[in-house]
Amino acid sequence: MSVRSALLRTALAVILLLQWSCSEGTSQRRERGPVLMVQPLGAVPSAHVDSVVRALQREYRARVHIAPSLPLPERALTTVRTPRYRADTLIVRLRGIKPDTIDHIIGLTESDISHTKRAADGTIKEPRSKYQDFGIFGLGYVNGPSCVISTFRLGDDGEQRFFDRLCKIAVHEVGHNRGLPHCPEQHCVMRDAVERIASIDGTDRFLCLACRGRSGEGVVEH
Ligand SMILES: [Zn+2]
Ligand SMILES: [Zn+2]
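Analysis parameters
- Residues numbered from 1 in each chain as written.
- Chains lettered and ligands numbered in written order.
- Predicted model: local features only at pLDDT ≥ 70, side-chain atom pairs only at ≥ 80, totals over all residues.
- Core = buried A, V, L, I, M, F, W, Y, C linked by C-beta atoms within 7 Å.
- Buried ≥ 20, exposed ≤ 12 C-beta atoms within 10 Å, placed from the backbone.
- Helix = DSSP H or I, 4+ residues; strand = E, 2+ residues; numbered from the N terminus.
- Contact = placed C-beta atoms within 7 Å.
- Pairing = 2+ DSSP bridges.
- Right-handed = clockwise from strand over helix to strand, strands pointing away.
- Axes fitted to C-alpha atoms, helices over the stretch in contact; angles between N-to-C directions.

A.B. asks: It is not clear to me how the nonpolar core should be interpreted in this structure. Could you clarify?
C.D. replies: Generally speaking, soluble globular proteins have nonpolar side chains that are buried together. In terms of nonpolar packing, the biggest core is built from 43 residues, with Leu36, Leu56, Leu90, Ile106, Val148 and Ala170 touching the most fellow members. Elements supplying a minimum of two residues to this core: strand S1 (35-40), helix H2 (46-60), helix H3 (87-97), strand S5 (104-109), strand S9 (146-150) and helix H5 (159-177). The element best represented in this core is H5, accounting for six residues. Excluding residues that lie within four positions of it along the chain, Ile106 makes contacts with Leu36, Met37, Val38, Gln39, Val52, Cys147, Ile149, Ala170 and Val174.

A.B. asks: Would you mind going over the pairing of strand S2 (residues 63-66) with me for this structure?
C.D. replies: Where a strand is regular, its side chains alternate between the two sheet faces. Of the strand pairs in this sheet, S1 and S2 are connected by four bridges, and their pairing is parallel. By the bridge assignment, Leu36 is partnered in S2 with Val64. Regarding topology, H2 serves as the crossover connection from S1 to the parallel S2, and that connection is right-handed.

A.B. asks: What should I look at first to understand the sheet that holds S9 in this one?
C.D. replies: A sheet is described by the order of its strands in space; here five strands give the open sequence S2-S1-S5-S9-S8, paired in mixed fashion. Of all strands in the sheet, those bounded by a partner on one side alone are S2 and strand S8 (138-140). Strand after strand, the sheet turns through a mean of 20° between neighbouring axes, direction not considered. Pairing analysis gives three bridges linking S8 to S9, with the strands arranged antiparallel.

Set out below in structure tokens:
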């Protein structure tokens, strides 16, 4: 064998080895998506569950299980204003039933859910009558094991708008659980605390590039 052909063979072997490691790395990354579980709370239409599952599979390359429906826990019910279920209590309940094999569990309900909104100093935001039991679309904490989503406030502007909003809320709350805080990028699905329908409609369904590469810490709501 000439020196030249030996060099060529070595180069070819190195190229093949590089290709093998790249494809190995890619397949391992694909398999590393989170394992999620959608937990219907009360009666939830299967179309709503399926829509959330597809959004999470697409955005997080997640493996998503669907749990059998469970009743909403009575102890989460509050009548401070209209009857609502306290999102914090639901999240704690969900955390308690999450199997160890699941990274994050996502509660999904048609009932109204609420949360106490607090100012930076920890006191209830003013006006207190509005914020002590504030109706919300969803709640998830950064790096938390569970979050909860409600379709109660998603409006009746047609099916397309409804499902679009539902998918955005699901991606947003799971984004918090996956370590993402809110994002300053105007159209990012992690933008801002989502208090109004207009805020949801103003974002994309997707994480921006910065959010894709970011890991967060601390606690953020909504
Ligand atoms: Zn972002
Ligand atoms: Zn949020």
